[in-house]
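# Chain and residue survey
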Amino acid sequence: MPIVLAGMAATVFGVSDFMGGTAARRVPSAVVAMLAQLAGLLALGLILVVLPATVLPSALGWGLLAGLAGGIGVPLLYRGLAVGPMNVVAPLTALTSAAVPVITGAVLGERPSVLAWVGIALALIAGVVVGMSLDPKGTGGSNGSAGTDGSAGTDGTGGALGADRGADRGADRDARRRALRGVAIALFSGLCFGGFFVLLAQADPVAGLWPVATAKVAGSLVAGVALLGALRSGGLAVGRLGGVGAGAGEVGVDPASGVGEFGIQAGGSNGGGVLLAGHGWRLAALGGVLDALANALYLLAAHHGQLAVVGSVVALYPASTVLLARLMHGERIGRVQRIGLALAVPALVLVSGG
């Protein structure tokens, strides 16, 4: 049962992160985090009305601490998914967040079987490999190929060719800087999420979902502070949004498909419709509700299973993020990523059997 709950939590976490990361490409990440926290808190409030539980001060305290950690990690993750490649940021965050409960569980005296430890190791590897891409430029690497166009060098203007190459080098440096920023943000947000998992699992099961609700309250406060800071610093400016201050055919619109820079083309052909354009706030709210559901599933799993085992299974959440990125964003799933997806199956079998 704990493995099933942890697997469900991993799936919902991955979908939630995809929603939040996509929303952060069209809405400032601080706004996304705030909307997600409030939507999740509202959903939990409705659940607690239907499924009341005992209010324990100690459980509320653990939830508060967990919410502070998670509240810091959420906007960081959304920012990382927005500035860096999803198929790098998501698995790296998963590895870091999974390592914290696994190490903590071992320190606290948990002793999974040998088979379970093998499954934990496979799960950690799968969580990273499933989102890896061997192409550092990703789908955006075809932006400007003047350096390989033979016509650029045959018109006798060597300066133009040098300028094109210089522009390509500048684009490569910018892509590397964005990737490094995404990696740094992923590591720190992973530590925050790992702390969230460990702290939330310490709450008494009698308290039900009250620790999760308290965590959402704390997370909302942190998100509110981040939003106020962004407002004061002018960090809420959103640039190059199709349909925002731009008419059809202007900056941010793909002339081939008619899809804005932040639009998502469903179906990958002319027969598909443009989905989710201009609805970043709805994505943020839906992501927040799904995150609350994932937290509840994780808490139930942690109360019925070992922290190291549950944490490693939850680390598989990038699988759903990557699959959705493939379906909705058209990101390619390479051979290495398929290996990661395949590793997830024996990992779950070994962990559940151990």
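We now examine the overall build of the chain. When helices and strands are counted, the chain shows 11 helices and two strands. Ordered by position from the N terminus, the helices and strands of the chain form the series α-α-α-α-α-α-α-β-β-α-α-α-α. Per-residue burial for the chain yields a buried fraction of 44% across its 354 residues. Across the chain, the fraction of contacts at a sequence separation of at least 24, relative to all contacts at a separation of at least 6, is 85%. Put simply, the chain shows about 16500 Å² of open surface, and 68% of that area lies on carbon and sulfur atoms.

Quick look at the packing of aromatic side chains now. This model, assessed by the stated rule, comprises three aromatic pairs. Ring geometry for phenylalanine 197 and tyrosine 298: centres 4.7 Å apart, planes at 50 degrees, overall tilted. Separated by 101 residues along the polypeptide, phenylalanine 197 in helix 6 (residues 158–201) and tyrosine 298 in helix 8 (residues 280–304) bring together distant segments of the chain. Residue tyrosine 298 is classed as buried on the basis of its relative accessible area, which comes to 0%. Members of the aromatic cluster, connected to one another through ring pairs, are Phe13, Phe196, Phe197 and Tyr298.

What follows concerns a positive patch on the surface. Positive charge collects at one region of the surface, where Arg326, Arg332, Arg335 and Arg338 lie side by side. As for its position among the elements, arginine 332 is in the loop between helix 10 (318–329) and helix 11 (335–353).

Let us look at the side chain of glutamine 37. With respect to the secondary-structure elements, glutamine 37 resides in helix 2 (residues 29–50). Those residues within four positions of glutamine 37 in sequence are excluded, and the remaining contacts are Gly71, Val74, Lys216, Gly219, Ser220 and Ala223.

A word on the nonpolar core. If you look at the biggest cluster of nonpolar residues, it comprises 42 residues, and the most contacted ones within it are Phe13, Ile120, Leu200, Tyr298 and Val314. Elements with a contribution of two residues or more to this core: helix 1 (2–23), helix 2, helix 4 (86–107), helix 5 (114–129), helix 6, helix 7 (210–233), helix 8 and helix 9 (307–314). No other element matches helix 8, which puts nine residues into this core. In contact with phenylalanine 13, other than residues within four places in its own chain, are Phe197, Asp291, Ala294, Asn295, Tyr298, Val314 and Tyr317. If you look at the next biggest cluster of nonpolar residues, it comprises 27 residues, including Ala33, Ala82, Val89 and Ala186.

Let's shift gears to helix 2. With 22 residues, helix 2 ought to run about 32 Å at 1.5 Å a step, and its terminal C-alpha atoms sit 32 Å apart, in line with that. Every buried residue belonging to helix 2 is among Ser29, Ala30, Val32, Ala33, Met34, Ala36, Gln37, Ala39, Gly40, Ala43, Leu44 and Leu48, and all of these are buried. Taken together, the buried residues of helix 2 touch helix 1, helix 3 (57–83), helix 7 and helix 8.

This part is about the packing of helix 1 against helix 10. To describe two helices that pack against each other, one gives the angle between their axes and the distance between the axes. One can describe the packing of helix 1 onto helix 10 by two numbers: an axis separation of 8 Å at closest approach and a directional angle of 45 degrees. Put simply, helix 1 runs oblique to helix 10. Relative to helix 10, helix 1 is oriented so that their crossing is right-handed. Taking contact as the criterion, the partners of Ala10, Thr11, Gly14, Val15, Asp17, Phe18 and Thr22 in helix 1 are, on helix 10, Ser320, Thr321, Leu324, Ala325, Met328 and His329. Considering only residue class, the contact of helix 1 with helix 10 consists of six nonpolar, six polar and one charged.

Looking now at the environment of proline 75. Residue position: proline 75 is located in helix 3. Taking the C-alpha atoms as reference, proline 75 lies 9.7 Å from leucine 227; in sequence the two are 152 residues apart. Ignoring any residue separated from it by four or fewer positions in sequence, one finds proline 75 in contact with Ser29 and Ala33.

As for its placement among the helices and strands, arginine 338 is situated in helix 11. Between the C-alpha atom of arginine 338 and that of alanine 319, which follows or precedes it by 19 residues, the distance is 9.9 Å.

Of all residues in the chain, 74% have pLDDT values of 70 or greater, and the mean over the chain is 74. Note that residues 134–154 has pLDDT below 50 and, in this model, 14 contacts with residues that lie over four places away or in other chains. Counting interchain partners and residues more than four positions distant, the pLDDT-below-50 stretch residues 238–277 has 46 contacts.

Each value, and the rule that gives it
- In this numbering scheme, every chain counts its residues from 1 along its sequence in written order.
- Where totals are concerned, whole chains, interfaces and linings use all residues; where local detail is concerned, this predicted model gives features only for residues with pLDDT of at least 70, and gives and counts side-chain atom pairs only at 80 or more.
- Side-chain calculation: all heavy atoms of the structure are included, whereas hydrogens and water are not.
- Under the DSSP-based scheme used, a helix requires at least four consecutive residues in state H or I and a strand at least two consecutive residues in state E, with every element numbered from the N terminus.
- Summary of the burial criterion: residues with accessible area below 20% of their type's maximum are buried, those above 50% are exposed, and those between are partly exposed, where the area comes from a 1.4 Å probe applied to protein chains only.
- The contact criterion used is simple: two residues touch if any of their non-hydrogen atoms lie within 4.5 Å.
- Methods summary: accessible areas were calculated by the Shrake-Rupley approach with a probe of 1.4 Å, and residue burial reflects only the protein chains presented.
- Only the six-membered ring of Trp is used, alongside the rings of Phe and Tyr, when aromatic pairs are assigned; centres must lie within 6.5 Å, and planes under 30 degrees apart are stacked while those over 60 apart are edge-to-face, with the rest tilted.
- Here the term patch refers to residues with relative accessible area over 30% and no salt bridge, with like charges joined within 9 Å and nonpolar side chains (Val, Leu, Ile, Met, Phe, Trp, Tyr) within 5 Å.
- When a carboxyl oxygen of Asp or Glu lies within 4 Å of a side-chain nitrogen of Lys or Arg, that pair is called a salt bridge.
- We count Lys and Arg on the positive side and Asp and Glu on the negative side, and we leave His and both chain ends out.
- To locate a charge, take atom NZ for lysine, CZ for arginine, CG for aspartate or CD for glutamate.
- The set of buried Ala, Val, Leu, Ile, Met, Phe, Trp, Tyr and Cys residues whose side-chain atoms join them within 4.5 Å is what this entry labels a nonpolar core.
- In a helix, the anticipated span is given by 1.5 Å times the number of residues less one.
- Each axis is a line fitted through C-alpha atoms, and for a helix only the stretch in contact is used; angles between axes span 0 to 180 degrees, taken between their N-to-C directions.
- Orientation is classified from the angle alone, with under 35 degrees giving roughly parallel, over 145 giving roughly antiparallel, 65 to 115 giving roughly perpendicular, and any other angle giving oblique.
- Two helices cross in a left-handed way if the nearer one is turned anticlockwise from the farther one by less than a right angle. They cross in a right-handed way if the turn is clockwise.
- Three classes are used, and their members are as follows: Ala, Val, Leu, Ile, Met, Phe, Trp, Tyr, Cys and Pro are nonpolar, Asp, Glu, Lys and Arg are charged, and the others, Gly among them, are polar.
- As a per-residue quantity, pLDDT reports the predictor's confidence and falls between 0 and 100.

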